[in-house]
Amino acid sequence: MTPVRSKINNFTDCLSSLQVLLLIATSMVMLVFVQAPYDAQFFMPVVLVPFIIAVLCAKHKKTMLGSVYIFSVIYFLYAFQWLWPVTGPGVIVLSFYMALYFLGSAIIIRHCFFKGIVSLPLLISLVWVVQEFLRGYVFTGLPWLFLAHGLHHQITFIQISDIFGAYGVTFVIAMVNGTIAQSVLHKYFSKVKLLSQKIMVRYLWVSVVLIIGSYSYGLFRIAQGDQTITQGPIVSAIQGDIPQSVKDSSVSGAQIMGQYFALSKKAMDAKIKPQLMVWPETITPPINRALLDYKPSVGASPLKTYIAENPYLIDNALWVNKMLSELASTGTHLLVGGSHESFVEGVDPQGDTTLTVIKKNSAYYYTNDGKRSLSSYDKNHLVLFGEYVPFKQTAPFANKILNSLTPYDYDYSLTPGDTLTVFALNDTPYHFAVAICYEDVIEDMPRKLVQVTEGKKRVDFLLNISNEGWYVTEGADGNYLSSAELLQHLAICQFRSIENRVAFVRSVNMGISAFIRPDGAVQHQPLCGTLEDHPRDRQAVAGFITDYVYIDSRVSIYSQIGNAFVYSVMGWLMILLVQSFRVKNNDQDK
């Protein structure tokens with residue numbers, strides 16, 4: 001074969017700075033359009049190809065890297081535009097941070113390729129899987145806008161997620177992009193051929209086999225589901241259209257409760273009654289036991305003073321609890337999302353009694369006899385900046401600065417829960433658990449909730465209760481305007497269903513409430529309801545849907561091994577990086 005250096009001399013003289021800019025910009029535009037709500041899936045086989053060519057063929061490496069970072073920042077600023085109404089400064093900081101992963105990917109791709117230690121298709125697959133994984137985990141992570149998510153409509157193809165997770169789908173997409181990029185480079189960008197024709201064909205066949213293998217596996221698993229997936233309980237998902245501005249107002253309680261009780265009555269009066277009714281996240285005020293069972297102490301105390309200053313806490317808790325019990329007593333189990341306030345009294349170094357108010361994001365459960373369950377679920381995985389601001393104890397000054405980037409001018413940090421509660425649907429064999437807000441996005445959380453032991457899942461299905469009122473704005477005509485977040489969140493949840501072979505029932509304020517089968521398919525045409533049949537048409541509207549939850553007897557490999565595939569990919573990439581520093585650098589541009 002021709003020495004690597006001669007090939008690189010042809011490469012690095014290929015593209016001017018303007019050509020590099022245009023190629024990088026092209027990939028960033030396609031990355032936007034492959035995701036919901038656009039779903040331009042035909043871009044997927046080539047979405048990274050311009051980026052790869054620009055990274056490898058740029059005459060000036062520093063200019064190329066600067067272009068990658070700038071256009072990546074612009075990409076994330078646009079892709080996360082649904083966060084702008086919540087926190088403009090936060091979106092800017094997030095975009096500059098997320099762009100570092102694309103910059104790091106460009107550096108590693110160029111570095112390893114010019115060392116001649118790995119084929120381009122494999123290199124792209126390894127790097128892209130690792131950077132997506134790190135984006136989803138570092139600083140609690142935001143696993144959003146993955147390549148795999150752009151194929152959420154291709155239910156057959158993405159069934160491999162029950163082995164490899166969504167990262168397996170990303171691996172295949174990146175491999176195809178790397179193969180096409182290598183073919184383009186081989187034909188148009190070098191007088192000296194990269195590889196022999198025989199080896200080029202071999203890499204092409206690897207991509208073809210991956211595609212055919214993924215699709216064939218999907219056909220097998222979907223056909224198998226005809227025997228393993230059965231009808232389960234009938235559930236109603238209640239969806240209000242309460243914007244965040246109303247939820248944050250001091251007079252919102254009656255309006256919120258009024259809408260949700262009215263929708264619940266419609267669901268109970270419909271032709272098909274639910275066995276379980278689900279309300280979204282943080283709809284109710286705090287109704288935890290510390291408030292319901294509160295008895296004033298004899299004498300003065302910080303808690304007694306706090307309650308006296310906030311008398312609505314007890315009044316609201318007792319009233320809402322009574323109304324929810326009456327609703328459940330009409331013959332349905334009821335799961336509602338609400339706030340939580342409990343109290344810990346202590347003594348400071350001076351001997352004075354202190355009070356610590358503990359706030360949580362919780363789910364409360366009422367059985368169909370109207371009784372309030374002793375069990376509740378407190379959200380385990382809190383959203384960075386959304387539900388807590390870091391460094392409160394370790395670096396108060398930094399905490400104050402970071403808090404200024406949030407929508408609030410006070411400390412709103414919540415306390416995470418530490419228990420993965422399982423709820424029983426009385427008079428049935430079914431059990432379920434709850435993922436609150438973005439807990440369905442973090443792939444480890446649904447897996448922990450399902451928790452396979454001795455070859456059995458401990459729950460039959462999962463609920464996702466969420467509040468997307470943050471991401472819906474009010475137009476000039478008074479109508480609500482949806483954002484891409486609603487469809488993207490639904491798409492990600494489809495992968496969680498496949499990974500763990502459990503159905504999801506989503507009850508979401510402002511939408512999109514939906515039923516997702518264990519094979520990842522979103523159910524259309526529910527048994528009854530006032531929301532539209534197609535989930536895309538359920539954005540920023542109020543209503544309910546009642547449908548069957550489907551139960552899958554299969555236990556997935558992913559539920560048992562988690563992200564073992566990703567860790568093996570990370571190990572492979574680490575070995576290549578170590579090896580690369582033992583090889584002379586053939587990149588002529590510094």
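Residues numbered from 1 in each chain as written. Predicted model: local features only at pLDDT ≥ 70, side-chain atom pairs only at ≥ 80, totals over all residues. Heavy atoms only, no water.

Draft legend 1. Spatial organisation of the overall build of the chain. A count of helices and strands for the chain gives 19 helices and 14 strands. The C-alpha radius of gyration of the chain comes to 26 Å, within 12% of the 25 Å expected for a compact globule of 590 residues. Considering only C-alpha atoms, the chain reaches an extent of 85 × 65 × 55 Å along its principal axes. The 590 residues of the chain split such that 56% are buried. (Helix = DSSP H or I, 4+ residues; strand = E, 2+ residues; numbered from the N terminus. Rg over C-alpha atoms; globule rule 2.2 N^0.38 Å. Buried < 20%, exposed > 50% of the residue type's maximum accessible area, 1.4 Å probe, protein only.)

Draft legend 2. Seen up close, the packing of aromatic side chains. By the definition in use, this model includes 29 aromatic pairs. Summarising the aromatic geometry, the rings of Phe 51 and Trp 128 are spaced 5.7 Å apart at their centres and angled 75 degrees between planes, so their arrangement reads as edge-to-face. Of the two residues, Phe 51 sits in helix α3 (residues 49-57) while Trp 128 sits in helix α6 (residues 120-137), which places them 77 residues apart along the sequence. Judged by its relative accessible area of 1%, Phe 51 is buried. (Phe/Tyr/Trp six-rings, centres within 6.5 Å; stacked < 30°, edge-to-face > 60°.)

Draft legend 3. Layout of the nonpolar core. Among the nonpolar cores identified, the biggest contains 135 residues, and Phe 80, Leu 276, Leu 335, Phe 432 and Val 434 are the most heavily contacted of them. With eleven residues, helix α5 (residues 88-114) is the single largest residue contributor to this core. When residues no more than four places from it in sequence are discounted, the contact partners of Leu 276 are Ile 234, Val 235, Ser 236, Thr 332, His 333, Leu 334, Leu 335, Tyr 365, Leu 425, Phe 432, Phe 461 and Leu 463. In terms of nonpolar packing, the next biggest core, distinct from the first, is built from 34 residues, Met 257, Leu 303, Leu 313 and Ala 317 among them. (Core = buried A, V, L, I, M, F, W, Y, C linked by side-chain atoms within 4.5 Å. Contact = heavy atoms within 4.5 Å.)

Draft legend 4. Looking closely at the sheet that holds strand β13 (residues 528-529). Ordered in space as β5-β4-β3-β2-β1-β14-β13, the seven strands form an open sheet in which the pairing is mixed. If you trace the sheet from one side to the other, it starts and ends with β5 (372-378) and β13, each paired once. Pairing analysis gives three bridges linking strand β2 (residues 276-278) to strand β3 (residues 333-347), with the strands arranged parallel. Along β3, the bridge assignment pairs Met 277 with Leu 334. Strands in contact with helix α14 (residues 312-328) are β2, β3, β4 (353-366) and β5; relative to β3, the strand with the most contacts, it is inclined by about 150 degrees. (Pairing = 2+ DSSP bridges. Axes fitted to C-alpha atoms, helices over the stretch in contact; angles between N-to-C directions.)

Draft legend 5. How the structure looks around the side chain of Ser 362. Along the chain, Ser 362 turns up in strand β4. Since its relative accessible area comes to 0%, Ser 362 is described here as buried. When near neighbours in sequence (up to four residues on either side) are disregarded, Ser 362 contacts Val 336, Gly 337, Gly 338, His 340, Tyr 377, Asp 378 and Ile 436.

Draft legend 6. Here's a closer look at a nonpolar patch on the surface. Residues Val 29, Phe 33, Tyr 38 and Tyr 78 make up a contiguous nonpolar surface patch of about 360 Å² in total accessible area. Within the fold, Tyr 78 resides in helix α4 (residues 61-79). (Patch = residues over 30% accessible without salt bridge, like charges linked within 9 Å, V, L, I, M, F, W, Y side chains within 5 Å. Areas by Shrake-Rupley, 256 points an atom, 1.4 Å probe, with all protein chains shown as cover. Salt bridge = Lys/Arg side-chain N within 4 Å of Asp/Glu carboxyl O.)

Draft legend 7. Layout of helix α13 (residues 302-309). Among the residues of α13, Leu 303, Tyr 306 and Ile 307 are the ones counted as buried. For α13, the arc enclosing every buried residue in end-on projection is 95 degrees, short of the 170-degree limit, so these residues lie on one face. Turned more than 90 degrees from where α13 packs its buried face, Ala 308 and Glu 309 sit exposed. (Arc of directions from axis to C-beta.)

Draft legend 8. The state of the cysteines, seen in detail. The tally for this structure, following the rule as stated, stands at zero disulfides. Cys 437 provides the cysteine sulfur closest to Cys 493, a residue in no disulfide bond, and the two sulfurs are 12 Å apart. The exposure class of Cys 493 is buried, given its relative accessible area of 0%. (Disulfide = S-S within 2.5 Å.)

Draft legend 9. Focus on empty space enclosed by the protein. Scanning the model with the defined rule gives one cavity of 30 Å³ or more in all. Computed from the structure, the largest cavity encloses a volume of approximately 40 Å³. Taken together, Gln 35, Trp 144, Leu 145, His 149, Gln 488, Ala 491 and Ile 492 make up the lining of the largest cavity. Classifying every residue of the lining of the largest cavity by side-chain character gives four nonpolar, three polar and no charged. (1 Å grid on protein atoms, 1.4 Å probe; cavity = no way out; pocket = protein on both sides within 12 Å on 5 of 7 lines; lining within 4 Å. Points joined across faces, edges and corners; volume = space filled by probe spheres on them. Nonpolar A, V, L, I, M, F, W, Y, C, P; charged D, E, K, R; others polar.)

Draft legend 10. Looking closely at the pairing of strand β11 (residues 503-509). The element β11 is largely enclosed, with a buried count of seven among its seven residues. In β11, alternate side chains face the same way, and those of Ala 503, Val 505, Ser 507 and Asn 509 on one face and Phe 504, Arg 506 and Val 508 on the other are all buried. Alignment of strand β8 (residues 461-467) against β11, held across seven bridges, turns out to be parallel. Each bridged residue has a counterpart across the sheet, and for Phe 461 the counterpart in β11 is Ala 503. Of the pairings in the sheet, the one linking β11 to strand β12 (residues 514-516) comprises three bridges and is antiparallel in character.

Draft legend 11. Representation of the sheet that holds strand β6 (residues 423-424) within the structure. The five strands are arranged β6-β7-β8-β11-β12 in an open sheet whose pairing can be described as mixed. Looking at the sheet topology across the chains shown, the edges are occupied by β6 and β12. Alignment of strand β7 (residues 431-436) against β8, held across five bridges, turns out to be parallel. Within β8, the residue paired with Ile 436 across the bridge is Ile 465.

Draft legend 12. Structural context of the environment of Asp 269. Its place among the elements puts Asp 269 in helix α11 (residues 252-269). Given the relative accessible area of 52%, Asp 269 is considered exposed. There is a polar contact of 2.8 Å between the side chain of Asp 269 and the side chain of Lys 265. (Polar contact = N/O pair within 3.5 Å; in protein donor to acceptor, adjacent residues only side chain to side chain.)

Draft legend 13. Up close: the packing of α5 against helix α19 (residues 564-580). Contact pair α5 / α19: the axes reach a minimum separation of 10 Å and the direction vectors enclose 55 degrees. On the basis of their axis angle, the class for α5 and α19 is oblique. Considering how the two elements wind past one another, α5 and α19 form a crossing that is left-handed. Taken together, the residues of α19 that come into contact with α5 (itself represented by Ile 108, His 111 and Cys 112) are Leu 573, Leu 577 and Ser 580. (Parallel < 35°, antiparallel > 145°, perpendicular 65-115°, else oblique. Left-handed = near helix turned anticlockwise from the far one by under 90°.)

Draft legend 14. Structural view of the confidence of the model for the chain. When pLDDT is averaged across the chain, the result is 89; 91% of the residues are at 70 or more. Note that residues 1-10 has pLDDT below 50 and, in this model, 24 contacts with residues that lie over four places away or in other chains. (pLDDT = per-residue confidence, 0-100.)

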